[in-house]
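Here is what each chain is made of, one letter per residue.
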Amino acid sequence: MIGQDFPKIAFDFAGLALLEPNAMIGDIVLFTTSLFFAAQIRKINNSQAFYRYWRLFFLWFGWSFLFGGFGHLFYNYLALWGKYPSWIMGMIATFWLTKAMLSLWPHQKQKQLFTRSAIVLLVLGILFEFFVFVNVDLTIDQSKGLFVPTLVSGIGLIFSLVFLGASYQKTINTHFKIFWIAALILLPNAFIQSQKINLHQWFDRNDFSHVLLLLSLCLYYLGIKKADQSPLL
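Residues numbered from 1 in each chain as written. Predicted model: local features only at pLDDT ≥ 70, side-chain atom pairs only at ≥ 80, totals over all residues. Heavy atoms only, no water.

Here we take up the pattern of salt bridges. Once the charged atoms of two side chains with opposite charge are near each other, the side chains can pair. Counting across every chain of the model gives 1 salt bridge. For the salt bridge of K8 with E20, the shortest nitrogen-to-oxygen distance reads 3.5 Å. Here the residue K8 occupies a position in the segment before β1 (10-13), and E20 occupies one in the loop between β2 (16-19) and α1 (21-44), the gap between them amounting to 12 residues. Under the relative-accessibility criterion, K8 is labelled partly exposed at 46%. Classification of E20 as buried rests on a relative accessible area of 6%. (Salt bridge = Lys/Arg side-chain N within 4 Å of Asp/Glu carboxyl O. Helix = DSSP H or I, 4+ residues; strand = E, 2+ residues; numbered from the N terminus. Buried < 20%, exposed > 50% of the residue type's maximum accessible area, 1.4 Å probe, protein only.)

Below, the discussion takes up unusual backbone geometry. Phi angles above zero are rare outside glycine, and A14 is one such case at about 55 degrees. As for its position among the elements, A14 is in the loop between β1 and β2. Residue classification places A14 among the exposed residues on the basis of a relative accessible area of 66%. Unusually for a residue other than glycine, E20 sits at a positive phi of about 50 degrees.

Looking now at the pairing of β1. Examined bridge by bridge, β1 and β2 share 4 bridges and lie antiparallel to one another. The residue of β2 that forms the bridge with F11 is L18. (Pairing = 2+ DSSP bridges.)

Core analysis: the largest hydrophobic core is formed by 52 residues, its most contacted members being F50, W54, F57, F58 and Y220. Every element with two or more residues in this core is listed here: α1, α2 (49-73), α4 (84-102), α5 (108-135), α6 (143-171), α7 (177-186) and α9 (205-227). With 12 residues, α4 is the single largest residue contributor to this core. Once residues lying within four places of it in the same chain are set aside, the contact partners of W54 are I41, L97, A100, M101, L161, F179, Y220 and I224. Membership of the second largest hydrophobic core comes to 5 residues, among which are L18, M24, F31 and L73. (Core = buried A, V, L, I, M, F, W, Y, C linked by side-chain atoms within 4.5 Å. Contact = heavy atoms within 4.5 Å.)

This part covers the packing of α2 against α4. Remark: α2 packs on α4, axes separated minimally by 8 Å, with the N-to-C direction vectors making an angle of 165 degrees. The orientation of α2 relative to α4 falls into the category roughly antiparallel. The element α2 and its partner α4 pack so that their crossing is left-handed. Across the interface between the two elements, F50, Y53, W54, L56, F57, W60, F61, W63, S64, F67 and G68 from α2 touch S86, M89, G90, I92, A93, T94, W96, L97, K99, A100 and M101 from α4. A per-class count over the contact of α2 with α4 returns 16 nonpolar, 5 polar and 1 charged. (Axes fitted to C-alpha atoms, helices over the stretch in contact; angles between N-to-C directions. Parallel < 35°, antiparallel > 145°, perpendicular 65-115°, else oblique. Left-handed = near helix turned anticlockwise from the far one by under 90°. Nonpolar A, V, L, I, M, F, W, Y, C, P; charged D, E, K, R; others polar.)

This brings us to the layout of surface pockets. By volume, the second largest pocket amounts to about 170 Å³. In terms of lining, the second largest pocket is formed by 13 residues, of which the most central are T98, S117, A118, L121 and G156. Residue assignment for the lining of the second largest pocket shows that the elements contributing at least two residues are α4, α5 and α6. Sort the elements by how many residues they give to the lining of the second largest pocket and α5 lands first, with 5 residues. Tallied by class, residues from the lining of the second largest pocket come to 9 nonpolar, 4 polar and no charged. (1 Å grid on protein atoms, 1.4 Å probe; cavity = no way out; pocket = protein on both sides within 12 Å on 5 of 7 lines; lining within 4 Å. Points joined across faces, edges and corners; volume = space filled by probe spheres on them.)

Fair warning: the whole summary comes from geometry, so function is off the table for now.
The following block contains the structure:
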């Protein structure tokens with residue numbers, strides 16, 4: 001189904017009227033994968049800023065999707081309040097990813113400028129998102145609530161994974177190309193969501209996005225492991 005969504009899958013459990021078990025399953029997979037990678041990164045190196053910040057990214061990213069899964073599952077009870085935490089946490093996760101990649105930038109003045117810009121972007125993103133929560137009727141179209149987190153995360157990912165990743169590929173280690181490849185894998189997400197491309201009721205546009213996100217997480221971790229081979233880390 002393209003251009004519109006399938007009816008949400010509803011089921012009863014323990015007297016509760018629940019929704020979208022497929023979304024909950026996908027979110028749990030992303031949550032467990034993220035926490036597993038965070039634990040593995042700690043084994044690789046927990047002293048260098050590059051690894052500490054990547055670990056924080058995986059932790060915030062994972063928990064954001066677990067909260068998101070409960071937001072889907074208990075929508076009949078939490079309504080939109082169940083979705084707000086995951087949207088905010090997603091922007092914070094991207095900030096830690098940016099910090100991780102910036103930790104390797106060799107020019108200190110530029111590094112400070114980029115870091116301040118990332119902080120400003122995060123703060124503005126959170127403030128604008130709260131403005132949307134208060135002033136926009138998201139019951140009509142929830143995608144309006146996702147616009148700010150998508151924009152903020154998109155800017156952060158393009159700068160961190162594409163710009164910095166390509167730069168480090170030339171100056172530190174050729175394996176840093178894995179990071180911008182991971183960013184390219186996420187590009188179809190915008191098209192899938194905006195055009196509402198749903199392959200099946202049990203594999204809708206959100207599930208499609210979950211698969212792309214899972215692939216990108218695996219590539220992030222692969223890039224981190226390969227980066228460990230660099231003498232600069």
